[in-house]
Amino acid sequence: QVHLVESGGGLVQAGGSLRLSCAASGRTFSNHAMGWFRQAPGKEREFVVAITRRGDTTYYAESVKGRFTISRDNAKSTVYLQMNSLKPEDSAVYYCAANQGNYYYINAADYDYWGQGTQVTVSS
């Protein structure tokens, strides 16, 4: 079992930045690929970015490429999402997720564990 807790969400103006954190506890964090997803009201959960166990490979959704950066610190059992140049359409609840596989994963169904989410609201 892996327990995930997101933090760092909030209200920001368009063009601003936020850094989300996802702290993991339970099973060995470094044995899990990680991903960030988001869900806006009335919409399906959407893939944002994923990272492999060692952090050597990442994969971004086109909508966030060049603006968002994922990183992880296995010593701290934490994955981060740096979000720059935020847009109103980035507003959503952001979830981190963990997968026991050894690659990166872009489908929500591939993830075994999920956090409770953190709200990001970008005002225009």
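Our subject in this report is the structure included herewith. (Residues numbered from 1 in each chain as written. Predicted model: local features only at pLDDT ≥ 70, side-chain atom pairs only at ≥ 80, totals over all residues. Heavy atoms only, no water.)

In total, this model carries one disulfide according to the counting rule given. Between the sulfur atoms of Cys22 and its disulfide mate Cys96 the distance is 1.9 Å. Handedness of the Cys22-Cys96 disulfide follows from its S-S torsion of about 50°: it is right-handed. Residue Cys22 is located in strand β3 (residues 18-26), and its partner Cys96 is located in strand β9 (residues 92-99); the two are separated by 74 residues in the primary sequence. Assigned by exposure class, Cys22 and Cys96 land together as buried. (Disulfide = S-S within 2.5 Å. Helix = DSSP H or I, 4+ residues; strand = E, 2+ residues; numbered from the N terminus. Buried < 20%, exposed > 50% of the residue type's maximum accessible area, 1.4 Å probe, protein only.)

The tally for this structure, following the rule as stated, stands at five salt bridges. Asp90 is paired through a salt bridge with Arg38; the nearest N and O atoms lie 2.9 Å apart. Of this pair, Asp90 sits in the loop between β8 (78-83) and β9 while Arg38 is found in strand β4 (residues 33-39), placing the two residues 52 residues apart along the sequence. Arg38 shares its class with Asp90; the two are buried. (Salt bridge = Lys/Arg side-chain N within 4 Å of Asp/Glu carboxyl O.)

On to the environment of Thr28. Inspection of the secondary structure puts Thr28 in the loop between β3 and β4. On a C-alpha basis, the gap between Thr28 and Ser77 in space is 8.1 Å, while along the polypeptide they are 49 residues apart.

Take the pairing of β8 next. Across the six residues of β8, five count as buried, placing the element largely inside the fold. Of the strand pairs in this sheet, β3 and β8 are connected by six bridges, and their pairing is antiparallel. Residue Ala23 lies in a different strand from β8, and its bridge partner there is Thr78. When strand β7 (residues 68-73) meets β8, the two strands line up antiparallel, connected through six bridges. The residue bridging Arg72 from the neighbouring strand is Val79, located in β8. In textbook terms, the turn of a hairpin is the stretch between consecutive antiparallel strands, and for β7 and β8 this stretch comprises four residues, one of which, Ser77, has a positive phi near 55°. (Pairing = 2+ DSSP bridges.)

Let's shift gears to the sheet that holds β3. With antiparallel pairing, the four strands of this open sheet are ordered in space as β1-β3-β8-β7. Only two strands of the sheet have a single neighbouring strand rather than two, namely β1 (2-7) and β7. This sheet shows a mean twist of 15° between the axes of neighbouring strands, independent of strand direction. Where β1 and β3 come together, six bridges link them in antiparallel fashion. Looking at the pairing, His3 lines up with Ser25 of β3. (Axes fitted to C-alpha atoms, helices over the stretch in contact; angles between N-to-C directions.)

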